[in-house]
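Spelled out from the first residue to the last, the chains are:
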Amino acid sequence: MSKILTTLAWFAAFIFFAPVLWMVMTSFKQEAEAASSPPTFFFEPTLDQYRAIFSSEAGSHFLNSFIATTVSTLLVLVLAIPAAYALSIRPVKRTQDALFFFISTKMLPIVAVIMPIYVIAGNIRMLDNLALLIILYTAMNLPIAIWMMRSFFLEVPGEVLEAASVDGAPLLMTMRRVLIPMVAPGIAATALICVIFAWNEFFFALNLTAAEAATVPIYLMSTMTSEGLFLAQLSAASVLASLPVVIAGWIAQKQLVRGLSMGAVK
Amino acid sequence: MTGFEHRLDSLTGRPLRRRTLLGAGAGLGMGAAALSLTGCGGNAGSGGRETIVVAIVSNPQMQDAIGLIDHFRADHPDIDVRFVSLPENEARAKITASVASGGGEFDVVMISNYETPMWAENGWLADLEPYISETEGYDPDDFIPTIRDALSYEGRQHAVPFYGESSFLVYREDLFEEAGLEMPEQPTWDQIREFAETLHDPDTGMAGIALRGLAGWGENLAPMNTVINTFGGRWFTPDWEPMLNSPGVVDAVNTYVDTVRTWGQPGAATSGYGECMTQFNQGNAAMWYDASAMVSGIEDPRSSTVVGSTNYALAPVMETDYAGWLYAWSLAIPETSEHKQAAWDFITWMTHPDYFRLVGEEVSWEALPPGSRQSTYEIPEYAEIAANYAEPTLNSMENATQENSMVHEVPYPGLQFVGIPEFQDLGTRVGQQLSAAIAGSQTVEEALDQAQTFAEAVARTYGWEA
């Protein structure tokens, strides 16, 4: 029985992984092989697609994405951690309303507000400007980060905080030295989510950037064409675009597996 | 170490380090610095250099231009060109939003003969006549006249063509010979249906004909509208009465849908230009009626398996002399551009007769942007390669006028599109109905009745009353 389950698990894993594998394989093909029908499984691998990307202007897209993602994620954490503290451990007045307000900002579809944002950005001459993307990505991720961080803070046993105050630790020190280390896995998870959302964000970037501030998803799009073949090039670009997220996930994983506040209170 | 820190160590499993906190602080500082650095974006040049931003559609010919930009830079060291290259739909949406709202991100935009007259009328595009007349050796009379007219508003050119296309039919000459069939220079739809029936062979995976079915005003509606035109149908009468369920349109759409459903490629309802191209290139279709730009894929041995066994015929007709469409990807300067002269210098480079030689020598003669200048077809190297399709391409384009391709008068410009701003939305919704008819989920009559109600809503805004 367990053998069948193991086989099934491997099979399911393969099904989930197959598209990624196919993308990686396609990235080493020539365009004609990538478009052939039926698909080719055996081919002479080539690095042409990667060479083409490295000789294009992809570098500036990656740099833009890196800056927008890192800065917006740091800003989100700086804002979300105190906010979540105030909404969980020391609840302020009308906590539920505040929480609902934060999440309600995610309820309006972005497409409904893109035109006003575009016009405002145009008027203040912020179109095609990375700072605008950073502000928007921060605003976009903040509600999720606050909700996530709040749930992690709620898991922290009150006794630990009491112990800290009995030991004479003031608020900031308690936050810095007790709370934050205890919720470090939560911070890692939140940061990872923010990184993924910001790195993959397409709609704002498509509409609000042009040449200067364009990010990686826009680069991926530019490798596509409605006339002619592009699958191999797009696959190679997608592999490169996925790498930073994979690396971020791998780094965060180290934090995530440490477990929450296990064994804090005996 | 205080008692507190002791307790802390046992909780976190590691000694407290000042560095961790310092690191976090430094990270934030870096973020703030990056913010202030990027705050000075925009396209202001430095040291007398001008930066222009060019928005183009990422088709192969445009990618070639990006690859050749060093030649432009060598001639214009003071102009820095940045490209924004996107697939057709995204590029169109982005360019439209930017130009219509005066966003001003772009100095050069790639638009078509659909947008040019409307945008020129709205005052969104710079009049290019003064620039054209002052540019030596530019030879505007060399542009194919129908394209030049389509890019003009009140007789003044507001965009210049980079490449143009009509529609025609490609067929497999080898299969026709085997079956003892002969393709006339200008077939009728009845003949096309007979050929398709003879050559259709599902057992060997051979479709009689490939036709677009994917919903979209630039997808299935493009070929279908040329069929509607030549069958004597039209979208609106001169006083804007919608005609989508009139006999001419019903006949035309029935013919198209029945042809593609009976002898068409598998998955026709979701086949766009790209899918049809793949079908034909892989040797899975005997004919294909589509954009004349298809030759860049079909005649390229890197992507096609049927090079050397193809030939071309004019767009199939019924009641008109010609039926081909007219489309041109063109370059224009938005009124908001602050670098108009630099923008024009770039446009000149990309549409000048010399550019075609450059592409031929640096990329390949097959890669020449076709259908914009008559002189392209006089270049010996290109004439040799294009022997099969130069004549039908030029012939289609030169005759792609409403007088030649429509039976009745209409109040809008355009052949395969209705030249009104509402058409992007209207066309896509009608295209969805027709795609559903191709998929078999509704009849042609049902699709067209629904399409008629969409068209009625638009007609009312032009003063028509039921």
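Residues numbered from 1 in each chain as written. Chains lettered and ligands numbered in written order. Predicted model: local features only at pLDDT ≥ 70, side-chain atom pairs only at ≥ 80, totals over all residues. Heavy atoms only, no water.

Looking at an unreviewed UniProt entry, one finds chain B named Sugar ABC transporter substrate-binding protein, with Nesterenkonia cremea as its source organism.

In the annotation of an unreviewed UniProt entry, chain A is listed under the name Sugar ABC transporter permease and assigned to Nesterenkonia cremea. In the Sequence similarities (unreviewed entry) part of its UniProt record, chain A is described as follows: "Belongs to the binding-protein-dependent transport system permease family." We quote the UniProt Subcellular location (unreviewed entry) comment for chain A here in full: "Cell membrane". (UniProt positions renumbered as here; feature names shortened; annotations may be inferred.)

1. A look at the side chain of Ser246 of chain B
All names here are of chain B. Residue placement: Ser246 occurs in the loop between helix H11 (221-230) and helix H12 (247-263). Assessed through its relative accessible area of 14%, Ser246 is described here as buried. Within polar-contact distance, the side chain of Ser246 engages the backbone oxygen of Met243 at 2.7 Å. (Helix = DSSP H or I, 4+ residues; strand = E, 2+ residues; numbered from the N terminus. Buried < 20%, exposed > 50% of the residue type's maximum accessible area, 1.4 Å probe, protein only. Polar contact = N/O pair within 3.5 Å; in protein donor to acceptor, adjacent residues only side chain to side chain.)

2. Comments concerning the sheet that holds strand S1 (residues 50-57) of chain B
Residues and elements named next belong to chain B. Across the sheet, five strands lie side by side as S2-S1-S3-S10-S6; this open sheet has mixed pairing. Single-partner strands in this sheet number two, and they are strand S2 (79-86) and strand S6 (160-165). If you compare each strand with its neighbour and ignore which way they point, the axes differ by 15 degrees on average. Alignment of strand S3 (residues 108-111) against strand S10 (residues 327-332), held across three bridges, turns out to be antiparallel. Bridge assignment links Ile111 to a residue of S10, and that residue is Ser330. (Pairing = 2+ DSSP bridges. Axes fitted to C-alpha atoms, helices over the stretch in contact; angles between N-to-C directions.)

3. Examining the packing of helix H1 (residues 2-27) of chain A against helix H13 (residues 231-256) of chain A
Residue and element names in this part refer to chain A. Interhelical geometry of H1 versus H13 gives an angle of 120 degrees and a closest axis separation of 7 Å. Here H1 lies oblique to H13, going by the angle between them. In the packing of H1 onto H13, the handedness of the crossing is left-handed. Here H1 contributes Met23, Val24, Thr26 and Ser27 to the contact with H13, which in turn contributes Leu231, Ala232, Ser235, Ala236, Ser238, Val239 and Ser242. (Parallel < 35°, antiparallel > 145°, perpendicular 65-115°, else oblique. Left-handed = near helix turned anticlockwise from the far one by under 90°. Contact = heavy atoms within 4.5 Å.)

4. Topic: the packing of aromatic side chains
Residues and elements named next belong to chain B. Tallying each qualifying case throughout the model produces 33 aromatic pairs over all chains. Considering the side-chain rings of Tyr114 and Trp217, the 4.8 Å spacing of their centres and the 45 degrees angle between planes classify their relative orientation as tilted. With a gap of 103 residues between them, Tyr114 in the loop between S3 and helix H6 (115-121) and Trp217 in the loop between helix H10 (189-199) and H11 connect regions that are remote in the sequence. Here Tyr114 falls in the buried class, since its relative accessible area comes to 1%. By relative accessible area, Trp217 is classed as buried at 11%. Where Trp349 meets Tyr355, the ring centres are 5.2 Å apart and the plane angle is 75 degrees; that geometry is what we call edge-to-face. The exposure class of Trp349 is buried, given its relative accessible area of 11%. Each member of the aromatic cluster is reached from another via a ring pair, and the members are Phe72, Phe83, Phe162, Tyr163, Phe346, Trp349, Tyr355 and Phe356. In this arrangement the basic side chain of Arg373 is found over the ring face of Phe143, its NZ or CZ atom lying 4.3 Å from the centre. Over the ring of Phe454 we find Arg429; its NZ or CZ atom is 4.5 Å from the centre of that ring. (Phe/Tyr/Trp six-rings, centres within 6.5 Å; stacked < 30°, edge-to-face > 60°. Lys NZ or Arg CZ within 6 Å of the ring centre and 35° of its normal.)

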